[in-house]
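Structure at a glance
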Amino acid sequence: RSSELSSGINAEYGVHNLDSSKLALREVIPIDIANDSIKPADYKEEYDPKKYNHPRGPLTDPNWKQTVEPVMTCYKLVEIEFIWRLIQGKVERFIGDVEKRLFTNFHRQLFCTHYKWGEMNMNDIRALEEETKAELDRQRQKEGLKGTAEM
């Protein structure tokens, strides 16, 4: 599940309305798109918020979350359950690490490309989705899987 709030950082820790048993198991993992380290293989300068030269960037201040307006906080709920006693914890940690990597990279890209799609209407977005799907299908057929999928 995913929820977004524009009321600022850490505005709502109960956004997913979890019952008390799931709330007790929940681990909050904050992601900082400008300051969290990323794998060298994932780094692309055009998706670096510290080098983003548009009205909302670059995010060079280590405390950018307190100084930039507006800030949107995005809450992702990921439930990982791998039941196999000997390797359960290791596999669940691995999946959690992959999810954090995916969310960090995606939100870095989203921030650094919002000027391209920020003013689009729904018809523009649907057309872009179709173009993107066609391009991804073409790349998969020609080149196979790449990126996070080929880990």
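This text goes with the structure placed above it.
The sections below set out a description of the structure shown in this document. (Residues numbered from 1 in each chain as written. Predicted model: local features only at pLDDT ≥ 70, side-chain atom pairs only at ≥ 80, totals over all residues. Heavy atoms only, no water.)

**Some thoughts on the overall build of the chain**
A count of helical and extended segments in the chain gives four helices and two strands. Ordered by position from the N terminus, the helices and strands of the chain form the series β-α-α-β-α-α. Counting across all 151 residues of the chain, residues that qualify as buried make up 19%. Once local pairs closer than 6 in sequence are excluded, the contacts in the chain between residues at least 24 apart make up 69%. (Helix = DSSP H or I, 4+ residues; strand = E, 2+ residues; numbered from the N terminus. Buried < 20%, exposed > 50% of the residue type's maximum accessible area, 1.4 Å probe, protein only. Contact = heavy atoms within 4.5 Å.)

**So, the packing of aromatic side chains**
In total, this model carries three aromatic pairs according to the counting rule given. Taken together, a centroid distance of 6.1 Å and an interplanar angle of 25 degrees make the contact between Phe82 and Trp84 stacked. The exposure class of Phe82 is partly exposed, given its relative accessible area of 24%. Here the aromatic cluster, defined as three or more aromatic residues joined through ring pairs, consists of Tyr52, Phe111 and Tyr115. (Phe/Tyr/Trp six-rings, centres within 6.5 Å; stacked < 30°, edge-to-face > 60°.)

**So, helix H4 (residues 122-143)**
Taking 1.5 Å per residue, 22 residues should reach 32 Å; H4 reaches 31 Å between its end C-alpha atoms and fits that length. Positive phi shows up at Gly144, right after H4, with a value of about 80 degrees. (Expected span 1.5 Å × (residues − 1).)

**Some thoughts on the pattern of salt bridges**
By the definition in use, this model includes eight salt bridges. The salt bridge partner of Glu135 is Arg138, with a shortest N-O separation of 2.7 Å. Taken together, the residues Glu135 and Arg138, both in helix H4 and three residues apart, mark about one turn of the helix. Look at Arg138 and you get partly exposed, because its relative accessible area is 38%. (Salt bridge = Lys/Arg side-chain N within 4 Å of Asp/Glu carboxyl O.)

**Structural notes on the environment of Asp42**
In this fold, Asp42 is placed in the loop between helix H1 (20-25) and helix H2 (64-67). Accessibility expressed as a relative area gives 18% for Asp42, which makes it buried. Each C-alpha atom of the pair Asp42 and Leu102 lies 9.9 Å from the other, and the pair is 60 residues apart in sequence. Setting aside residues up to four positions removed in sequence, Asp42 forms contacts with Arg101 and Asn105.

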